[in-house]
2 protein chains.
Amino acid sequence: MKSALVVLSGGQDSTTCLYWALDRFGAGRVEAVTFDYGQRHRIELACAAKVASRAGVPHTVLPINTFTAFGGNALTDAAIPVQTDAVPATGLPNTFVPGRNLIFLTFAAALAYQHGLHDLVTGVAQTDYSGYPDCRQATLQALEQALRLGMDYVVTIHTPLMFKSKAETVLLARDLGALPALADTHTCYYGQRPPCGECPACKLRAKGFAEAGIADPLIR
Amino acid sequence: MKSALVVLSGGQDSTTCLYWALDRFGAGRVEAVTFDYGQRHRIELACAAKVASRAGVPHTVLPINTFTAFGGNALTDAAIPVQTDAVPATGLPNTFVPGRNLIFLTFAAALAYQHGLHDLVTGVAQTDYSGYPDCRQATLQALEQALRLGMDYVVTIHTPLMFKSKAETVLLARDLGALPALADTHTCYYGQRPPCGECPACKLRAKGFAEAGIADPLIR
């Protein structure tokens, strides 16, 4: 009787993964965890709660106050404007928090350990990845190994979207019956609702729905 | 010109590692980081600050409020008595926080990234290890790989005490001139100062000094 823990951000990809997990592990065998890490768009937390509630899965919100203590990052520091082009010094957008996904998955693994779950699900994708090395397949494989050894406990990290394009992810969401839930998700970098339609995150989402030939339920 | 970041808990082992790093990388090339993760003995934070100050190294304290949100652990939950025997359900003492060291080292690596440092130093040891799988050599090797891939940045995790007995660690501290600093460290599980002398941590420390034939500067 396997049960899974989904890392749920409140966005399109992790919501699709929640429905993937429900399909794969069965209703009543899925939990979700969301991290309150000081994200500047608090709406993400409300979206995650709404998505979990609609799907009927237990939902844990864990605080992480460490990233904001680092400072200097546009995702958690409201004083810093989002700069979507790569910052010359690092070659990464200034929304990059080094190792953020490693932290999320390690805390998720600790929660899975406490709850007796062995399967983690995350919506990271290598395909559309905008320079985030902690979303790559090789990184997650190494982390899985570190988690297994470090907790002396078998955890498996599932990444159902790893090699999918955004359009393929939209089609998967449709096949899983997740489209209505996508109306509750959040994508816009600028935190706008309805979405701004202009930021790279909005454009990527719109492109995915357009290529899949499906209307985005978020936009009415 | 390499510089290192030492994970400094305020205990005997990490303090010895701080002096190891000063010897290895040179004065002016060492920083320290301490995590305020809700440890029930706040004296550890004061000890770490004192040790860093005496050694003249920059000292960053990063908060982590996530472990206390988990609950159910004797190291962070004052309501739970320390139980040093293994808990039958897990085979580990109830001071075990799953993956704690993975989290510490990942945040330390993120700080190293921000500060342009490539070397991490931690005082974990496999020799005297009381059941903590996140202190083993194989775990740290896997984690190092995950960190390198996940941050696209070369970090090396140094574990100078990994295969040393407590007595050997005491002798190393003597050779590095770290003995005076050990007077500022904290070991007792019960948070007592002078140490209780009865808890397993106190006994292990006393045994190490006794076998090394050196008086513990903490006990006067």
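Counting from 1, residues in each chain are numbered in the order their sequence is written. The lettering of chains begins at A and the numbering of ligands begins at 1, in the order of writing. Per-residue local features of the predicted model are confined to residues with pLDDT of at least 70, and side-chain atom pairs are confined, for both listing and counting, to 80 or more; whole-chain, interface and lining totals are unaffected and use all residues.

**A short note on the relation of the copies chain B and chain A**
Taken together, a rotation about one axis and a shift along it account for how the two chain copies relate.
Now for step 1: Overlaid copies result from least-squares superposition on C-alpha atoms, with residues included only where pLDDT is at least 70 in both. In the superposition of chain B on chain A (RMSD 0.0 Å, axial shift 0.0 Å), the rotation amounts to 180 degrees. On this basis, the relationship between the two copies can be described by a two-fold rotation axis.
Now for step 2: Contact between residues is assigned whenever the C-beta positions, reconstructed from backbone atoms, fall within 7 Å. An overlap of 100% is found between the interface residues of chain B and their copies at the interface of chain A, pointing to a shared contact surface.

**Some points on the interface of chain B and chain A**
Now for step 1: If you look at the interface, chain B gives 33 residues, while chain A gives 33 residues.
Now for step 2: Under the scheme used here, helices are H or I runs from DSSP no shorter than 4 residues and strands are E runs no shorter than 2 residues, and both carry numbers assigned from the N terminus. Going through the elements one at a time, β3 (59–63), α3 (66–70), α4 (100–115) and α5 (137–151) of chain B are the ones with two or more residues in the side of chain B that touches chain A.
Now for step 3: Take the side of chain B that touches chain A: its biggest share by element is ten residues, from α5(B).
Now for step 4: Each residue is assigned to one of three groups, with Ala, Val, Leu, Ile, Met, Phe, Trp, Tyr, Cys and Pro labelled nonpolar, Asp, Glu, Lys and Arg labelled charged, and all others, Gly among them, labelled polar. Counted by class, the side of chain B that touches chain A contains 20 nonpolar, ten polar and three charged residues.

**Quick notes on the sheet that holds strand β6 (residues 119–121) of chain B**
All names here are of chain B.
Now for step 1: Strand pairing is defined by DSSP finding a minimum of two bridges between the two strands. Spatial ordering of the open sheet is given by β3-β2-β1-β6-β7, a layout of five strands whose pairing is parallel. The two strands at the open ends of the sheet, each matched to only one other strand, are β3 and β7 (156–158). Adjacent strand axes in the sheet meet at a mean angle of 25 degrees when their direction is disregarded.
Now for step 2: The sheet contact formed by strand β1 (residues 4–7) and β6 spans three bridges and is parallel. Counted as the bridge partner of Leu5 is Leu120 from β6.
Now for step 3: The sheet strands contacting helix α1 (residues 12–25) are β1, β2 (30–36) and β6, and the helix crosses β1 at an angle near 170 degrees.
Now for step 4: Note on geometry: axes are C-alpha line fits, over the in-contact stretch for helices, and angles between N-to-C directions span 0 to 180 degrees. Contacting β2 and β3, helix α2 (residues 43–55) runs over the sheet at an angle of about 170 degrees to β2.

**Examining α4(B)**
Now for step 1: With 16 residues, α4(B) should reach 22 Å at 1.5 Å per residue; the first-to-last C-alpha distance of 23 Å fits that figure.
Now for step 2: B:Gly116 occupies a position one or two residues after α4(B) and carries a positive phi of about 75 degrees. Helices are assigned an expected span. That span is 1.5 Å times one less than the residue count.

**Quick look at the sheet that holds strand β6 (residues 119–121) of chain A**
All names here are of chain A.
Now for step 1: Spatial strand order, β3-β2-β1-β6-β7: five strands in an open sheet with parallel pairing. This sheet does not close on itself; its edge strands, each paired only once, are β3 (59–63) and β7 (156–158). Taken over all neighbouring pairs, the strand axes of this sheet differ in orientation by 25 degrees on average, direction set aside.
Now for step 2: Here strand β2 (residues 30–36) pairs with β3 via five bridges, running parallel. Bridge pairing in β3 places Ala32 opposite His59.
Now for step 3: Its contacts with the sheet place helix α1 (residues 12–25) against β1 (4–7), β2 and β6, and it is angled at close to 170 degrees to β1.

**Some points on the packing of α1(B) against helix α6 (residues 166–175) of chain B**
All names here are of chain B.
Now for step 1: Axis separation between α1 and α6 bottoms out at 10 Å; the angle between their running directions is 40 degrees. With respect to α6, the axis of α1 lies oblique. Handedness of the crossing formed by α1 with α6: left-handed. Note on element contacts: α6 touches α1 through Thr169, Leu172 and Ala173, opposite Asp13, Thr16 and Tyr19.
Now for step 2: Split into classes, the residues belonging to the contact of α1 with α6 amount to three nonpolar, two polar and one charged. Roughly parallel means an angle under 35 degrees; roughly antiparallel, over 145; roughly perpendicular, 65 to 115; everything else is oblique. We call a crossing left-handed when the near helix sits turned anticlockwise from the far one by less than a right angle, and right-handed when that turn is clockwise.

**Notes on unusual backbone geometry**
For residues that are not glycine, phi is negative in most cases, and the peptide bond is trans in most cases.
Now for step 1: Unusually for a residue other than glycine, A:Asp152 sits at a positive phi of about 50 degrees.
Now for step 2: If you trace the backbone, A:Asp152 turns up in the loop between α5 (137–151) and β7.

**What to know about the confidence of the model for chain A**
Residues and elements named next belong to chain A.
Now for step 1: For chain A, the average pLDDT comes to 88, and 85% of its residues sit at 70 or higher.
Now for step 2: For the stretch residues 82–93, pLDDT sits under 50, and the model shows 21 contacts to residues farther than four places along the chain or on other chains.
Now for step 3: Per the prediction output, this complex has pTM 0.90; the corresponding ipTM is 0.89. pLDDT is a residue-level measure of predictor confidence that goes from 0 to 100.

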